[in-house]
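Remarks on the overall topology
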Amino acid sequence: MRRSFRALGQSLIATGLTAVLMIGLSPGISQSHPDISEAEDAVAHAIAASPNDPALYLRRATLQRSRKDWDAAAASYIKAADLGADRDVTDVALASVLLDAGLHETALMHADIAIARSPNSGKASLVRARIHARSDRRAQAASDYTHAVKVLEHPEPGVVLEAMQAQLEVSVQDAVELEDAVEHEDDAVTAGNEMLSDGDSPVDVAEQNIRSALAVADTAMAKLGIVPTIQSRAVELETQRGRHDGAVARIDTMLEQAPRHEIWIAERGDALMAGGKKTEAMNAYTKALALVNERPASKRSPKLAALAIELENKLSDQHNNNAGDNLNENQ
Amino acid sequence: MRISKITRLGTIAAVTVIMSALTVASASAQTITRGPYLQMPGPDRMTVIFHTDLALTSAEVDYGTTVALGTITPGTSSADLMGGFKHVVELSSLTDFTKYFYAVGDSGTPLTIAGADYAFTTSPLPGTRQPIRIWTFGDSGYWPGNNGTEYMDSRQAYYDHVGGGDVNVAADATDVMMYLGDNAYGTGNDPTYQSVFFSPPELAAFLRRQPFLSAIGNHEGAALDSVTETGDYFGMFNFPTGNELGTNGVASGSESYYSFDYGNIHFIVLDTEDNIENITTTGAAMKTWLEDDLIATTADWIIAAWHRPPYSKGIFHDSDAEANEIAAREEFVPILEDYGVDLVISGHSHTYERTPLIDDHIGLSTTLEPFHILDGGNGNPLVDGSYRKASLQQAPHEGAVFIVTGAAADTRAFSPSSGHPVMNKKLVFVGTSVIEVDGDVLVGKYVNDVGTVMDTFQIDKGISAACPAAPLGTCTAAGKAKFIVKSSGDPAKDQTQWKWTKVTLDASDLDPTSGTDLIACAWDDTGHIYDVVPPNPENLGYAQFPTTPPPSWAWTSKKAGQHGYKDKVGSVDGLIKVKTKAGVGKGKMQFKSKGANTVPPALPLTGVLTAQLINLDSGACWGSTLTEKKNDGSSYIAAGP
């Protein structure tokens, strides 16, 4: 059953946001959430007893949001704001709810308000980055993601990967369109996207984007320490741009955590091979294979079993190549 | 290092305040409003957190290995959500597996009294094999209409079970405390936690003695943002994001999902809220980390914990219907099984449900097939035998046990009433789970709120677990037996052989290919000296694991009642040949181990040798006491009876 939008509409009108009025936000309460329903009942009782407590409306909004009742959650956030709740909280929350509801422009309005009030709110920047991303404003998204990673005290690895990916999706046209719209210039410089210009070739653009993505990764890891999920993506990008020494250096930071990680040692071999360091690469492959072989066949995961075959093939191919080279020399 | 002022002042305070008070009223009248509680337990570290109503000049902890304390470490303070102040003191450079006493204070003024009520024990070094007790449960925050009395009863039942009812003894007897989420209901926010987690004196008394870790529940999930690590839950607790607690895994970079080691156990905690809901986007990082972490670990045991159960038919939480549970099963379980997970613990359903030893059951409950169940017994060594896993450390698809233990404070029915078909045990009694690991044996128990142990199962890993300390007393005698050991100092030439003939054996007693678990054990006067377990194809389960290259060994059965095993390389403890033959008075068994993988008993042997073959599933055994023919430093030959 869809809930009435009347109350929500009145609240939005009161806050000057009428754009959302005519659009349904969610399917309302249709699923069974017994735990949530019980908690909502408890909050309803508390609100009946203390109708002007904004914290109770925030709590109600959280519960409504957890069962994806976006309209009810939005109304509760607005009510909380009306009652004096922290606008930094309610504006970001509203932006998130509206984004979830697919109302990107209204969501953006709230995100802009939140960022105008608190330019260093990582959460607000992240929400706005996602709004931009879903609206195909890729350069703006990249800029906001960069800022979010910079100001968040603890950027989650998943967010960092998302932010890195956003950098890679920026085109020249995106960047040019952004030129006058960049709000966080220092971040744009860090990101590198600001340096994109009309004359850049696709190769230049790709290189700039990778540099931006790597900058995001390194900004995050300066706070988090070496996180292999982030560093592994950075290794891929270093390889993609042909900086094989950079890839090896990054792999080595992961191996400090897990010196016998067969996958990473094999990847180190790949990076060395791509960088033309065949002997070192073969040593890495040999080492990785020896480590895999320390596990009896029955104790290998499918991934490690496949790795063993792959390494054996690489070593065998190289051996054959060397033999062929020797034969040619002898002939 | 500073000499403790707190100790001296605390001693004075102890005799001047009401003796029953646990908290010391300081001169400036600060009141502790939360804690102290303990976080981030590692071999060399511990974090002490406490809150006060008023600001402190300098929050600190005085600690030492005796109640005299002696070392003071200052902390950091910040405003809390209750209108007071939170103080965090990180203790470092501690000694592993050592009990410390502590007192929290303010610039030399004690706020607590040093003594048995304020102490903790650091973790052992990763890899250490020693007895480890884990206390775990979920959904302890659900207190509808009973004011938490059932939860308190559950806890007291645990204290009774391990510590004669005393909270401090129970804390000393607990090594790892793992909450499985929904530790507070509603939105799992700070005020709710304060009322049902921190404030009750019965709970506070344990929290100041025992550090804990936790998984995010759906109620905590309602009030936090995993992807920004913001929200009350993250404000209250500190979990490892890297290798802070001593681990041979890798850094997750997240407090929502992480790993740590305690002794020879590698614990993995996963997030079944935000991250599983976004497993193809932001949550993908968790999945990538999980496999990297598993590749890195070399621990004997892998125990994973998260909130939403991959298998459950709780009346409100059906793992066939709820998206997060399905995702947890489809996304996590295959990876964990690829790396030999032993035990998976969840909450969410207010039930106790426990599987037998299973593998690769990724679909809905309706897709359960017999081959998913590697050992369908109840796992109770006193009833129909423990679950056995051939490898001590990680090995794929040897089976795992999955527990739902979300009835710490409340129970709810199953739907359908028959529950999930994979479950071996289904209970609707309030209670908590106790997991005890000692070397290569894990025992799981469910203790209800009146202290009754309602379920017991055991997992034995590796080959040495199942031999009793002394020979069994009632084994069928073999007509003829021989036992040979060669230990020349060259591992490649080491070998152990034993043979029984003229014994009565039924075909069902000796069929490892159909899942019978056998172990051959030997003892001399010094005790248990040797054992060997023929590999069990059902337990290794490679039929369900086609992507793995076939192992070098194989069983064959040329005639009914006869089985032969060959492995040229002796990959399983050097075992190169096994022969079994059923028959009345003509039965036969033969084992031969040779090469570097075999570990022969140290020679010379001492006294009389007894050798027995034990069927671990039925408890039946066959044995001989052998007469020594040769016994020197390099070879041993005995025959019997």
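Refer to the preceding data block for the structure.
Residues numbered from 1 in each chain as written. Chains lettered and ligands numbered in written order. Predicted model: local features only at pLDDT ≥ 70, side-chain atom pairs only at ≥ 80, totals over all residues. Heavy atoms only, no water.

Residue and element names in this part refer to chain B. Its location among the elements puts Q130 in the loop between β9 (119-121) and β10 (132-137). Q130 gets classed as buried once you look at its relative accessible area, which sits at 13%. Setting aside residues no more than four positions away along its own chain, Q130 makes contact with F97, P124, V437 and D438. (Helix = DSSP H or I, 4+ residues; strand = E, 2+ residues; numbered from the N terminus. Buried < 20%, exposed > 50% of the residue type's maximum accessible area, 1.4 Å probe, protein only. Contact = heavy atoms within 4.5 Å.)

Residue and element names in this part refer to chain A. Look at helix α9 (residues 157-168): 17 Å from first C-alpha to last across twelve residues, which is about the 16 Å you get at 1.5 Å a residue. By the criterion of burial, α9 is predominantly enclosed, with nine of the twelve residues buried. Those residues of α9 lying buried are P157, G158, V159, V160, E162, A163, M164, A166 and Q167. (Expected span 1.5 Å × (residues − 1).)

Counting from both sides, the interface comprises 42 residues of chain A and, opposite them, 50 residues of chain B. Both faces considered, chain A and chain B share a buried interface measuring about 3,600 Å² in area, 60% of it formed by carbon and sulfur atoms. At the boundary of chain A and chain B, one finds one salt bridge. For the salt bridge of A:K303 with B:E291, the shortest nitrogen-to-oxygen distance reads 3.7 Å. When residues of the side of chain A that touches chain B are traced back to their parent elements, those giving at least two are α2 (34-49), α3 (54-66), α7 (122-134), α9, α13 (228-240), α15 (262-274) and α17 (302-330) of chain A. (Buried area = accessible area lost by both parts, 1.4 Å probe. Salt bridge = Lys/Arg side-chain N within 4 Å of Asp/Glu carboxyl O.)

Counting 74 residues, the largest nonpolar core has B:F237, B:F260, B:L343, B:L442 and B:F457 as its most contacted members. At six residues, helix α2 (residues 149-163) of chain B tops the list of elements feeding residues into this core. Both of domain 1 (5-121) and domain 2 (132-461) of chain B provide at least three residues apiece to this core. The contact partners of B:F457, leaving out residues within four places of it in the chain, are B:L343, B:Y352, B:R354, B:N378, B:G379, B:N380, B:Y387, B:V401, B:I403, B:L442, B:V443 and B:G444. In terms of nonpolar packing, the next biggest core, distinct from the first, is built from 60 residues, A:M282, A:A284, A:L289 and B:V333 among them. (Core = buried A, V, L, I, M, F, W, Y, C linked by side-chain atoms within 4.5 Å. Domains from an automatic or database assignment.)

What follows deals with the pairing of strand β16 (residues 265-269) of chain B. Residue and element names in this part refer to chain B. Burial analysis of β16 places five of its five residues in the buried class, which makes it a mostly covered element. Side chains I265, F267 and V269 of β16 all project onto a buried face; the interleaved residues H266 and I268 project onto the opposite face, where all are buried too. In this sheet, β16 lies alongside strand β15 (residues 258-262) in antiparallel orientation, the contact comprising five bridges. Paired with F260 across the two strands is F267, which belongs to β16. The antiparallel pairing of β15 with β16 creates a hairpin that spans two residues between the two strands, and G263 there sits at a positive phi of about 60°. When β16 meets strand β17 (residues 301-305), the two strands line up parallel, connected through five bridges. (Pairing = 2+ DSSP bridges.)

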